[in-house]
Number of protein chains: 2
Amino acid sequence: MRVLRWHGQKDIRVEEVPEPQVGPGQVKVKVKWCGICGTDIHEYEAGPLLVKVTKPHPLPGSKMAPVIMGHELSGDVTEVGEGVTNINVGDRVVVRPTIPCYNCYYCKRSQYVQCTSLGTIGYIWDGGFAEYMVAPSDTIYKIPDSLSYEVASFVEPLACAVHAVRRAKLFPGATVAVIGTGPIGLLTIEAARTMGAGKVFALETLPARYQVAQKLGVEAVINPLEVDAGKEMAKLTDGLRADFVFECAGPPAAMLSALKVSGRGGTIVEVGQMVEPCQFPFGTLWMHEKTIITSQGYTDEFPAAIAFLADGRVSVAPLITAKIGLDDVIKQGFEALTGEERYNHIKILVSPEL
Amino acid sequence: MRVLRWHGQKDIRVEEVPEPQVGPGQVKVKVKWCGICGTDIHEYEAGPLLVKVTKPHPLPGSKMAPVIMGHELSGDVTEVGEGVTNINVGDRVVVRPTIPCYNCYYCKRSQYVQCTSLGTIGYIWDGGFAEYMVAPSDTIYKIPDSLSYEVASFVEPLACAVHAVRRAKLFPGATVAVIGTGPIGLLTIEAARTMGAGKVFALETLPARYQVAQKLGVEAVINPLEVDAGKEMAKLTDGLRADFVFECAGPPAAMLSALKVSGRGGTIVEVGQMVEPCQFPFGTLWMHEKTIITSQGYTDEFPAAIAFLADGRVSVAPLITAKIGLDDVIKQGFEALTGEERYNHIKILVSPEL
């Protein structure tokens, strides 16, 4: 079968490999759509980050490089392994890429995100840029008929956004600001509104990205390079600023913007991974009892994401900027998302059937 | 009557002023004991910070400098103003120094700490380093007979510690680390244990301060200048480190220690005000979904603090390093707490009756 494998930094290859065999407790999925994630791009440009190259990951069945990438996928179940009772051949499904050990101190506390040997499909386990993939049955979620395969490939990134809003303990009618309107920022705008936010604002430095945020109905897009973002938020909210700020951009300056646009007692949620340290005035944070939450991935937010997409409360059509076949995934996918025109793209979907 | 008034930076004076008159809705208290707080020392050394010198505070009845300091006080009610029904002459009481407006956006949400015109007794309202003081009746809390006036003067700082532990949402049996063992750090050790902590550790760089923390029964005192605090915590906790870290010290290095000694999914609570910014690796915070809470003062934690002190679950005897009269408050109080021997002191109590 045709697959996309990570071999090394800037070395990914579309190639032919044997179809995977389904083991006990596992499910085989014929992939319909698989989205390219920002984490895939990091692994391509700066990896190995999650991919193992010298020492294997402890998860039984895990792979070292070369490994099949892709973890935002939907498809059909074509085979189930021995002992699988909750999933049947023909089920329309999505796959949660995280595989916890269920045995460590954190798994026993149901904090699967903290699992000390968490494995992630698409990095240490063969993923969804492939005609077929195999995963443990506990990672498989059925989707309703009202949810198309195409839209269902957004369940995984939307689960990240739902997790962030859930961890924030958003209250009804809260004023929200989202910093950075890439895929996760845009889905966070929609998740926050679906989960009860009042007014939602966006902060974005790239004018090319204003349009989609506006299409999703934000009150205003603020460019912190053009105006004082804190003063602008104050002006737009009778001086109150935002109750919740979701930082989905990444550079250190974004954390300082988050501090400025958050109101008294506000909560800042760091959703993006911040690579560089930030010279941060914790005394200012303390002065008005603000909180910094971090949100990484998800635990059990797949059902919520499925529900929000199935009935259209979260709309992903404005986010899809290209649909391509597996043979084009390097040039029209990874290279498009790392080249000069990268900010014209939001989400690129890949299908092995195109 | 004899009082201690703040006139300017490093200019505080014991002097004679007329006894205060009780107005409608107010209560007059004969002061028994009043503790010297770290915030008093900041105002003495680096003020005006909270004291008003050019423009009055919006609270009706507030004072500009010179103002009577002191806000950790206990005493007897000697007079009640018109309309006061919940407090009677002869009641043994403590006074909550914060006076919210009850009318702003935040007060309406019961977030009194965020009140946009919060007034604090001892800075913008005449306080407790005096024979008598007058306060609005809603700031007055009765204390039980089992609680001595001396111990009751700790209700206010203990309320800060209870507020911090409460905001952290401490779970039963949680491993706790407290950074900095000044008065608030030590009370936080006791508050955390009283509110259900498991093992409690202390981090302290001053060997002179080890003893009291040990007397309060911490598992171990770690000196981050002598050992790698993160590795030491890991060694002492089977690799898990602390679920909750209370940062009660203040320097930027303490936030980096907090990050190191906190475990996966851990919560860091900034209790002390951090004056300088800190070069902080938010990516590391994000990696294990850690949270930073800030805790400033208290809202309704006076009843809890009274209960914990009244039945002895929180013991303050080891914290009292001097008991002095009002006439000695400058030399034996403020100068002792700013001089070379300052770290030999924890809490100095002042009585106008000595």
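Quick caveat, the model's predicted, so the values are computed rather than measured. (Residues numbered from 1 in each chain as written. Chains lettered and ligands numbered in written order. Predicted model: local features only at pLDDT ≥ 70, side-chain atom pairs only at ≥ 80, totals over all residues. Heavy atoms only, no water.)

What follows is about the interface of chain B and chain A. The interface of chain B with chain A comprises 39 residues on the first partner and 39 residues on the second. Summing both sides of the interface, chain B and chain A together bury roughly 3,800 Å²; the carbon and sulfur share of this comes to 51%. On the chain B side of the interface with chain A, the three residues burying the most area are Phe282(B), Trp286(B) and Glu289(B), jointly 22% of the side's total. On the surface where chain B and chain A come into contact, there are four salt bridges. Linking chain B to chain A there are 29 residue pairs in polar contact (both at pLDDT 80 or more). Put simply, the parts of the chain that give the side of chain B that touches chain A at least two residues each are helix H2 (105–108), helix H4 (155–168), strand E15 (262–270), strand E16 (278–280), helix H9 (282–287) and strand E17 (291–294) of chain B. At five residues, the largest contribution of residues to the side of chain B that touches chain A is made by H9(B). Counted by class, the side of chain B that touches chain A contains 19 nonpolar, 13 polar and seven charged residues. (Contact = heavy atoms within 4.5 Å. Buried area = accessible area lost by both parts, 1.4 Å probe. Salt bridge = Lys/Arg side-chain N within 4 Å of Asp/Glu carboxyl O. Polar contact = N/O pair within 3.5 Å; in protein donor to acceptor, adjacent residues only side chain to side chain. Helix = DSSP H or I, 4+ residues; strand = E, 2+ residues; numbered from the N terminus. Nonpolar A, V, L, I, M, F, W, Y, C, P; charged D, E, K, R; others polar.)

All names here are of chain B. As for its placement among the helices and strands, Ser 137 is situated in the loop between strand E9 (132–136) and strand E10 (140–142). Here Ser 137 falls in the buried class, since its relative accessible area comes to 15%. For Ser 137, the contacting residues outside a window of four places in its chain are Gly 25, Gln 26, Val 27, Val 84, Asn 86 and Ile 87. (Buried < 20%, exposed > 50% of the residue type's maximum accessible area, 1.4 Å probe, protein only.)

For the rest of this paragraph, the subject is helix H1 (residues 38–46) of chain A. For the α-helix, the turn length of 3.6 residues means that residues three or four positions removed from each other point alike. All names here are of chain A. Three or more residues of H1 are buried, namely Asp 40, Ile 41, Glu 43 and Tyr 44. Along the long axis of H1, the arc covered by the buried residues comes to 160 degrees, so they all point the same way. Elements in contact with the buried residues of H1: strand E1 (2–8), strand E2 (11–16), strand E3 (26–35) and helix H11 (329–334). (Arc of directions from axis to C-beta.)

Now for helix H10 (residues 302–310) of chain B. All names here are of chain B. Within the span of H10, buried status applies to Phe 302, Ala 305, Ile 306, Phe 308 and Leu 309. Down the axis of H10, the buried set is contained in an arc of 165 degrees. They therefore lie on one face. Buried residues along H10 sit against strand E6 (92–95), E10, helix H3 (149–152), H4 and helix H5 (183–194). Just beyond H10, the residue with positive phi is Gly 312, at close to 80 degrees.

Of all residues in chain A, 100% have pLDDT values of 70 or greater, and the mean over the chain is 96. Scored by ipTM, the complex comes to 0.93, with pTM at 0.95. (pLDDT = per-residue confidence, 0-100.)

With respect to the helices and strands, the residue Glu270(B) is situated in strand E15. When the C-alpha atoms of Glu270(B) and Ala249(B) are compared, they prove to be 9.0 Å apart, with 21 residues separating the residues in sequence. Discounting residues that sit within four places of it in the chain, Glu270(B) has contacts with Phe282(A), Gly283(A), Leu285(A), Trp286(A), Glu247(B), Ile293(B), Thr294(B) and Ser295(B).

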